[in-house]
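What follows is each chain in one-letter form.
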Amino acid sequence: MILQKRLQGIDLLKCIAIFTIPAQHFFSHQTHFRDAIYDTVSMFIQSVGLEFFLMGVPLFIAITGFLSHQTQPTWAYYRKSLKVLVPYLLISVIYILFRNWHLNESIGIRHGLGMILRFNAIPYAWYVEMWIGLYFLAPFLNILYEGITSRKTSIILIATLYVMSYLTSTVNRHGFQFLPDYWVSISPLASYFIGSHIRKFGTLVPRKRLVVFILVAILAEPIINLLFFPGQVYRFILGTVMLIVPAMAALFLLLYQWNTPKRWLQRMLAAVSNLTLEMYLYCALCDMVLYPFFLQWFQNQSQFGLFFFVIIPLELAATFCIAWITNKAISITHIDRLWQKRK
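Per chain, residue numbering runs from 1 following the sequence as it is written. Reporting in this predicted model follows two pLDDT cut-offs: at least 70 for local features of residues, and 80 or more for side-chain atom pairs to be given and counted; totals over whole chains, interfaces and linings ignore these cut-offs and use all residues. Calculation of side-chain values draws on the structure's entire complement of heavy atoms; hydrogens and water are dropped beforehand.

Brief notes about the overall build of the protein
Logical step 1: What the protein contains, in helices and strands, is 14 helices and zero strands.
Logical step 2: Per the convention used, a helix needs a DSSP run of H or I reaching at least four residues, while a strand needs a run of E reaching at least two, with both numbered from the N terminus. Each helix and strand of the protein, ordered N terminal to C terminal, gives the series α-α-α-α-α-α-α-α-α-α-α-α-α-α.
Logical step 3: To get the radius of gyration, use the C-alpha atoms; to get the globule rule, take the number of residues to the power 0.38 and multiply by 2.2 Å. For 343 residues, the compact-globule formula gives about 20 Å, and the C-alpha radius of gyration of the protein, at 21 Å, lands near that figure.
Logical step 4: Its C-alpha atoms give the protein principal-axis dimensions of about 65 × 55 × 45 Å.
Logical step 5: The 343 residues of the protein split such that 51% are buried.
Logical step 6: Relative to all contacts within the protein whose residues are 6 or more apart in sequence, the contacts with residues 24 or more apart total 81%.
Logical step 7: Neither His nor the chain ends is counted toward charge; the positive residues are Lys and Arg and the negative residues Asp and Glu. The atoms used to mark charge sites are NZ of Lys, CZ of Arg, CG of Asp and CD of Glu. Side-chain charges in the protein split into 27 positive and 13 negative, and the spacing between the mean points of these groups amounts to 15 Å. Buried residues are those whose accessible area, probed at 1.4 Å on protein chains only, stays under 20% of the maximum for their type, while exposed residues exceed 50% and partly exposed ones sit between those limits. Any two residues whose heavy atoms approach within 4.5 Å are treated as being in contact.

Put into structure tokens, the structure is as follows:
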């Protein structure tokens, strides 16, 4: 499969993924969507949006699987992990200083170092902790995947990992256990190999079917709530991943070969794509600033449109600017020489 050097479709997917992170947090962490009564058109629209936004993290992992196909377990490869670890350390220090000075917390050097090592100095840093293990395993996962020579075998592998992780976490709830759940935490491997599969085998599914499947996946839960639980709080009857991860795969297949002749759009997508990690890490910082200011006027969940379409663009713009400054500071101080190829 011949792909362009700069994969515009992947840039687009990364931009969609970074948009879904603050958008998802708007509903799941910052407002009262989960406690609001599900009885209006507004709540239906919000629930459809939330279902779509849940694709974000699995999409990031699938993109990693797509892009990591040529990695080899070399010293140069492991040194490149500093490209993520150094920004994580720097941004963690910024968070600790912010929490000390702005939130009036008392975090000393020893406590702060412990928070960094436990990945809780940044509220959403669990992703970095997961990524570290995935990064170090990637070369060996790729060696194993290279032994798969048929599309059918690849699909069986992904289906097996999906059942062992995403499906199991969905059906084993509310005190019931229908499937062995010891391996639930391997869910990132399922998304990783989805990306590997798309890179190696592409798609045979017509685009219209992909669109229909995505719509069915994000509409199923809202419609179930509308039909069977009107006037109650929103319920994830099908879980938050059972249909969303396959829908993420469909979205990936739909867009990964996308391209545009417009150079300005190419540059804009590439600029955001290159900073998605830093933007992700800065999301919580912007949450701490934006939501206390805006939510003093927030009375009920039906007002989401007045706030969502203001807060999320502001947060994306702010995280991009701060991420760009961080990246530029690392470049000016030549810290990036730690992971760049030496001449």
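Having seen the structure, we can now continue with the description.
Observations concerning the environment of S191
Logical step 1: With respect to the helices and strands, the residue S191 is situated in helix 9 (residues 187-201).
Logical step 2: For the pair S191 and F60, spaced 131 residues apart in the sequence, the C-alpha separation amounts to 8.7 Å.
Logical step 3: Sequence-distant contacts of S191, defined by excluding residues within four places in its chain, comprise P58, I61, A62, Y166, V245 and M248.

So, the nonpolar core
Logical step 1: Judged by nonpolar contacts, the single largest core of 112 residues is most densely connected at L13, F26 and F252.
Logical step 2: In terms of residue count, helix 13 (residues 276-294) provides more of this core than any other element does, 12 residues in total.
Logical step 3: Excluding residues that lie within four positions of it along the chain, F252 makes contacts with I10, L13, L59, A62, I63, F66 and I198. Think of a nonpolar core as a cluster: buried Ala, Val, Leu, Ile, Met, Phe, Trp, Tyr and Cys residues, connected wherever their side-chain atoms sit within 4.5 Å.

Comments concerning the packing of helix 1 (residues 8-30) against helix 14 (residues 304-332)
Axes are the key here: two packed helices are described by the angle between their axes and the distance separating the axes.
Logical step 1: Comment: axis = line fitted to C-alpha atoms, over the contacting stretch for helices; angle = value between 0 and 180 degrees taken between N-to-C directions. Two elements in contact, helix 1 and helix 14, have axes whose closest approach is 10 Å; the angle formed by their N-to-C orientations is 140°. Classified by the angle their axes make, helix 1 and helix 14 are oblique. At the point where helix 1 passes helix 14, the crossing takes the right-handed sense. Together, I18, F19, P22, A23, F26 and F27 of helix 1 and F304, F307, F308, I311, I312, E315 and L316 of helix 14 make up the contact between the two elements.
Logical step 2: Note that Gly is not counted as nonpolar here; it falls among the polar residues with everything else outside the nonpolar set of Ala, Val, Leu, Ile, Met, Phe, Trp, Tyr, Cys and Pro and the charged set of Asp, Glu, Lys and Arg. Counted by class, the contact of helix 1 with helix 14 contains 12 nonpolar, no polar and one charged residues. Each angle gets one of four labels, with under 35 degrees taken as roughly parallel, over 145 as roughly antiparallel, 65 to 115 as roughly perpendicular, and the rest as oblique. Crossing chirality is assigned from the near helix's rotation relative to the far helix, an anticlockwise turn below a right angle marking it left-handed and a clockwise turn marking it right-handed.

Here we look at the pattern of salt bridges
Logical step 1: The term salt bridge refers to a side-chain nitrogen of Lys or Arg lying within 4 Å of a carboxyl oxygen of Asp or Glu. Going through the model one piece at a time under the given rule, you end up with one salt bridge.
Logical step 2: Residues E105 and R99 are paired through a salt bridge, measuring 3.2 Å at the closest nitrogen-oxygen approach.
Logical step 3: Taking relative accessible area as the criterion, E105 reaches 31% and is therefore assigned partly exposed.
Logical step 4: The class for R99 is buried, based on a relative accessible area of 16%.

A look at the side chain of T260
Logical step 1: Within the secondary structure, T260 is located in the loop between helix 11 (244-255) and helix 12 (263-273).
Logical step 2: The exposure class assigned to T260 is buried, which follows from its relative accessible area of 9%.
Logical step 3: Between N or O atoms, a polar contact is any pair within 3.5 Å; within protein, one atom must be a potential hydrogen donor and the other a potential acceptor, and residues adjacent in sequence are included only when both atoms are from side chains. Among the polar contacts made by the side chain of T260, one reaches the main-chain amide nitrogen of K262 at a distance of 3.2 Å.
Logical step 4: Excluding anything up to four places from it in sequence, T260 contacts Q8, L265 and Q266.

Concerning the environment of K80
Logical step 1: When you line up the elements, K80 lands in the loop between helix 4 (75-79) and helix 5 (82-101).
Logical step 2: Look at K80 and you get partly exposed, because its relative accessible area is 47%.
Logical step 3: Sequence-wise, K80 and L210 are 130 residues apart; in three dimensions their C-alpha atoms are separated by 35 Å.
Logical step 4: With residues up to four places along the chain from it excluded, the contact list for K80 reads Y135 and W339.

Things to note about a nonpolar patch on the surface
Logical step 1: Patches draw on residues past 30% relative accessible area with no salt bridge. Two like charges within 9 Å are joined, as are two nonpolar side chains (Val, Leu, Ile, Met, Phe, Trp, Tyr) within 5 Å. Accessibility throughout is a Shrake-Rupley quantity obtained with a 1.4 Å probe, and a residue counts as covered only by protein chains that appear here. On the surface, I223, L226, L227 and F228 cluster together into a nonpolar patch covering about 420 Å² of accessible area.
Logical step 2: Structurally, L227 can be placed in helix 10 (residues 207-228).

Details of the packing of aromatic side chains
Logical step 1: Note on aromatic contacts: the rings of Phe and Tyr and the six-membered ring of Trp form a pair at centre separations within 6.5 Å, being stacked when their planes are under 30 degrees apart, edge-to-face when over 60 apart, and tilted otherwise. By the definition in use, this model includes 36 aromatic pairs.
Logical step 2: Ring geometry for F176 versus F178: centroids 6.1 Å apart, planes at 15°, classification stacked.

Overview of the environment of V211
Logical step 1: Here V211 lies in helix 10.
Logical step 2: With 39 residues separating them along the chain, V211 and A250 place their C-alpha atoms 7.6 Å apart.

Remarks on the confidence of the model for the protein
Low pLDDT marks stretches whose predicted atomic positions should not be read closely.
Logical step 1: Each residue carries a pLDDT score, the predictor's own confidence in it, on a scale running from 0 to 100. Across the protein, pLDDT averages 93, with 98% of residues at or above 70.
Logical step 2: At the low end of the mean pLDDT range in the protein sits helix 4, at 92; at the high end sits helix 11, at 97.

Structural notes on the packing of helix 1 against helix 11
Logical step 1: Orientation of helix 1 relative to helix 11, taken along the N-to-C sense of each, is 140°, at an axis distance of 9 Å. Note on packing geometry: the crossing formed by helix 1 with helix 11 is right-handed. Between helix 1 and helix 11, the contacting residues are G9, I10, L12, L13 and I16 on the first element and L251, F252 and L255 on the second.
Logical step 2: A per-class count over the contact of helix 1 with helix 11 returns seven nonpolar, one polar and no charged.

Quick notes on unusual backbone geometry
Logical step 1: In this structure, F119 takes a positive phi of about 60° despite not being glycine.
Logical step 2: Take F119: it is sitting in the loop between helix 6 (109-117) and helix 7 (126-146).
Logical step 3: The buried category is assigned to F119, whose relative accessible area is 17%.
Logical step 4: A positive phi angle is found at H174, which is not glycine, with a value near 60°.
Logical step 5: Here H174 shows up in the loop between helix 8 (151-171) and helix 9.

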